[in-house]
Amino acid sequence: AQSVSQHNHHVILSEAASLELGCNYSYGGTVNLFWYVQYPGQHLQLLLKYFSGDPLVKGIKGFEAEFIKSKFSFNLRKPSVQWSDTAEYFCAVNNWNTGFQKLVFGTGTRLLVSP
Amino acid sequence: SAVISQKPSRDICQRGTSLTIQCQVDSQVTMMFWYRQQPGQSLTLIATANQGSEATYESGFVIDKFPISRPNLTFSTLTVSNMSPEDSSIYLCSGDRANTEAFFGQGTRLTVV
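Residues numbered from 1 in each chain as written. Chains lettered and ligands numbered in written order. Predicted model: local features only at pLDDT ≥ 70, side-chain atom pairs only at ≥ 80, totals over all residues. Heavy atoms only, no water.

Draft legend 1. Representation of the overall build of chain B in the model. When its secondary structure is counted, chain B shows 0 helices and 11 strands. Put simply, chain B runs from its N terminus to its C terminus through helices and strands in the order β-β-β-β-β-β-β-β-β-β-β. The C-alpha atoms of chain B give 13 Å as radius of gyration, which agrees with the globular expectation for 113 residues (13 Å, within 12%). Expressed as lengths along the three principal axes of its C-alpha atoms, the size of chain B is roughly 40 × 25 × 20 Å. Every one of the 113 residues in chain B was classed for burial, and the buried ones make up 51%. In chain B, 52% of the contacts between residues at least 6 apart in sequence involve partners at least 24 apart. In chain B, the 8 positive side-chain charges and the 9 negative ones have mean positions that sit 7 Å from each other. (Helix = DSSP H or I, 4+ residues; strand = E, 2+ residues; numbered from the N terminus. Rg over C-alpha atoms; globule rule 2.2 N^0.38 Å. Buried < 20%, exposed > 50% of the residue type's maximum accessible area, 1.4 Å probe, protein only. Contact = heavy atoms within 4.5 Å. Lys, Arg positive; Asp, Glu negative; His and termini not counted. Charge placed at Lys NZ, Arg CZ, Asp CG, Glu CD.)

Draft legend 2. Examining the nonpolar core more closely. Counting 28 residues, the largest nonpolar core has Leu33(A), Trp35(A), Leu47(A), Leu48(A), Phe74(A), Leu76(A) and Tyr89(A) as its most contacted members. Every element with two or more residues in this core is listed here: β2 (10-14), β3 (19-21), β5 (32-38), β6 (45-50), β8 (64-68), β9 (73-78), β10 (87-94) and β12 (109-114) of chain A. Core analysis: the second largest hydrophobic core is formed by 26 residues, Met32(B), Ala49(B), Ile68(B) and Tyr91(B) among them. (Core = buried A, V, L, I, M, F, W, Y, C linked by side-chain atoms within 4.5 Å.)

Draft legend 3. Up close: the environment of Leu76(A). All names here are of chain A. Relative to the elements of secondary structure, Leu76 occurs in strand β9. By relative accessible area, which is 0% here, Leu76 ends up buried. Taking the C-alpha atoms as reference points, Leu76 and Tyr89, 13 residues apart in sequence, are found 9.3 Å from one another. Each residue touching Leu76, except ones within four places of it in the same chain, is listed here: Leu19, Glu20, Leu21, Trp35, Leu47, Leu48, Phe63, Glu64, Ala65 and Tyr89.

Draft legend 4. Local environment of the pattern of salt bridges. The tally for this structure, following the rule as stated, stands at 6 salt bridges over all chains. With its nearest N and O atoms 2.9 Å apart, the salt bridge here joins Lys78(A) to Asp85(A). Both residues of the pair, Lys78(A) and Asp85(A), count as buried. Ionic pairing is found between Lys65(B) and Asp87(B), a salt bridge with its closest N-O pair at 2.6 Å. Taken together, the positions of Lys65(B) in the loop between β6 (56-57) and β7 (68-72) and Asp87(B) in the loop between β8 (75-80) and β9 (89-96) put the pair 22 residues apart, joining distant regions of the chain. (Salt bridge = Lys/Arg side-chain N within 4 Å of Asp/Glu carboxyl O.)

Draft legend 5. Structural view of the layout of surface pockets. The computed volume of the largest pocket comes to approximately 770 Å³. If you trace the largest pocket, you find 33 residues lining it, with Gln38(A), Glu88(A), Arg110(A), Ile90(B) and Arg109(B) closest to the centre. At the level of secondary structure, the elements contributing two or more residues to the lining of the largest pocket comprise β2, β10 and β12 of chain A together with β9 and β11 (108-112) of chain B. Residues of the lining of the largest pocket, tallied by class, amount to 11 nonpolar, 18 polar and 4 charged. (1 Å grid on protein atoms, 1.4 Å probe; cavity = no way out; pocket = protein on both sides within 12 Å on 5 of 7 lines; lining within 4 Å. Points joined across faces, edges and corners; volume = space filled by probe spheres on them. Nonpolar A, V, L, I, M, F, W, Y, C, P; charged D, E, K, R; others polar.)

Draft legend 6. Representation of the packing of aromatic side chains. If you walk through the whole model with that rule in mind, you get 14 aromatic pairs over all chains. Ring centres of Tyr25(A) and Phe72(A) lie 5.6 Å apart, and the angle between their planes is 70°; on these two criteria the pair is classed as edge-to-face. With Tyr25(A) in strand β4 (residues 24-25) and Phe72(A) in the loop between β8 and β9, the pair connects residues that are 47 residues apart, well separated along the chain. Looking at Tyr25(A), the relative accessible area reads 6%, which means it is buried. The interplanar angle of 85° and the centroid separation of 6.3 Å between the aromatic rings of Phe90(A) and Phe105(A) together place this pair among those described as edge-to-face. A residue pair is termed long-range when its members are at least 10 positions apart, and Phe90(A) in strand β10 and Phe105(A) in strand β11 (residues 104-105) qualify at 15 residues. Linked through ring pairs, Phe34(A), Tyr36(A), Phe51(A), Phe90(A), Phe105(A), Tyr35(B) and Phe104(B) together constitute an aromatic cluster. Just above the ring of Phe51(A) sits the side chain of Lys49(A); from NZ or CZ to the centre is 5.3 Å. (Phe/Tyr/Trp six-rings, centres within 6.5 Å; stacked < 30°, edge-to-face > 60°. Lys NZ or Arg CZ within 6 Å of the ring centre and 35° of its normal.)

Now the structure itself:
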């Protein structure tokens, strides 16, 4: 079965620090990869996604992620975080063998950015 | 992107009772799904809500415990039946259009006492 591992459960950074959140998945076939963010009191929102093509994906709000197939990884990065980036971040994977969108989520990483 | 309205946003329920959660999408979506997020854990797919037919449940979830309806392309309900404290969780619905990306409701935080 597929699984998704997020290495950091809690991350605390100061504003302007760089961010990298790890994500590894277990499925060996063709996958689609996602990062979702959940701001306090809000619903899950898509940050970025990778389906194919350039493995370096740009998302909203200055976030990017790099798909490294050989490492089964899809780490999320941001060069300089802001206080408003305080949220919970979820990595998710699906594959098209099932024929439709069934997401497998990581456990999430809570990011706290101090001003 | 689609907007998904989910209600109630939270509830506290007595054990042995049932709660029905509603999910309304502002436009037609191909697929609708129900997830559960238990404390400290990741989101786990409960089932796929199929329009006009029985939902497709994931391993470990059964219709008697989590009956689901989807009468049309924009609405679905999930019932948590005969609740116990172990059912305390956040329940989320999501919609997917043309297998692109999933949109999520705000979730229902359920506490069973």
